[in-house]
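Spelled out from the first residue to the last, the chains are:
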Amino acid sequence: MGPELGWVQWLIWGTGTLVFGAIIVAVFIAAWRAGKRPPEQLSAARHVAREQALPATVQAELAALNQRKDNGQLSEMEYEQLRAKVLSR
């Protein structure tokens, strides 16, 4: 049989395993949090929203509408109608 592992080797192996596990958990948490974040607005849309001093909820709704339009789920006319409804509130 081969030589047995000493306490230093076990310490190195355990530390490496814990660090690897922590990295996996950190990546999972980062991906989960990124999925919950509202879509990022383009800089021009962000600038207009800042000038109008819109609440964060309205900005998030506008960003979501813009994302749906970019994904092809909304036509340009539907987007403008929904955008007008959100801004009229």
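Here goes a summary of the coordinates provided. Because the structure is predicted, anything quoted here is derived from the model rather than measured.

## Considering the overall build of the protein
Right, on to step 1. Scanning the protein from terminus to terminus reveals four helices and zero strands.
Right, on to step 2. Counting over 89 residues, the protein shows a buried share of 13%.
Right, on to step 3. For the protein, the proportion of contacts with a sequence separation of at least 24, taken over those separated by at least 6, is 39%.
Right, on to step 4. Carbon and sulfur atoms make up 65% of the accessible area of the protein, which amounts to about 7500 Å² in all.

## Concerning the packing of helix α3 (residues 56-70) against helix α4 (residues 76-88)
Packed helix pairs are characterised by how far apart their axes lie and by the angle those axes make with each other.
Right, on to step 1. Between α3 and α4, whose axes approach to 10 Å, the crossing angle comes to 175°. The angle between α3 and α4 falls in the class roughly antiparallel. Between α3 and α4, the residues in contact are V58, E61, L62, L65, N66 and K69 and E76, Y79, L82, R83, V86 and L87, respectively.
Right, on to step 2. When the residues that make up the contact of α3 with α4 are grouped by side-chain class, the tally is seven nonpolar, one polar and four charged.

## With respect to α3
Right, on to step 1. Look at α3: 21 Å from first C-alpha to last across 15 residues, which is about the 21 Å you get at 1.5 Å a residue.
Right, on to step 2. V58, L62, A63, L65 and N66 are the residues of α3 that are buried. Looking straight down α3, one finds that the buried residues subtend no more than 160° of arc, so they occupy a single side. Set apart from the buried face of α3 by more than 90 degrees, the exposed residues are A56 and T57.

## Describing the packing of aromatic side chains
Right, on to step 1. In this structure the tally under the stated criterion is one aromatic pair.
Right, on to step 2. Taken together, a centroid distance of 5.8 Å and an interplanar angle of 85° make the contact between W10 and W13 edge-to-face. Of this pair, W10 and W13 both sit in helix α1 (residues 7-36), three residues apart, which is roughly one turn of the helix.
Right, on to step 3. You can call W10 partly exposed: its relative accessible area is 48%.
Right, on to step 4. Above the ring of Y79, the side-chain terminus of K69 is found at 4.7 Å from the ring centroid.

## Quick notes on the nonpolar core
Right, on to step 1. Counting residues in each nonpolar core, the largest one holds seven residues, listed as L54, V58, L62, L65, L74, Y79 and V86.
Right, on to step 2. Looking at this core, the elements with two or more residues in it are α3 and α4.
Right, on to step 3. For this core, the element with the highest residue contribution is α3, accounting for three residues.
Right, on to step 4. With sequence-adjacent residues up to four places away left out, L65 is seen in contact with L74, Y79, L82, R83 and V86.

Here is what the cut-offs are and how they apply
Residues numbered from 1 in each chain as written. Predicted model: local features only at pLDDT ≥ 70, side-chain atom pairs only at ≥ 80, totals over all residues. Heavy atoms only, no water. Helix = DSSP H or I, 4+ residues; strand = E, 2+ residues; numbered from the N terminus. Buried < 20%, exposed > 50% of the residue type's maximum accessible area, 1.4 Å probe, protein only. Contact = heavy atoms within 4.5 Å. Areas by Shrake-Rupley, 256 points an atom, 1.4 Å probe, with all protein chains shown as cover. Axes fitted to C-alpha atoms, helices over the stretch in contact; angles between N-to-C directions. Parallel < 35°, antiparallel > 145°, perpendicular 65-115°, else oblique. Nonpolar A, V, L, I, M, F, W, Y, C, P; charged D, E, K, R; others polar. Expected span 1.5 Å × (residues − 1). Arc of directions from axis to C-beta. Phe/Tyr/Trp six-rings, centres within 6.5 Å; stacked < 30°, edge-to-face > 60°. Lys NZ or Arg CZ within 6 Å of the ring centre and 35° of its normal. Core = buried A, V, L, I, M, F, W, Y, C linked by side-chain atoms within 4.5 Å.

Just distances and angles here, no functional claims.
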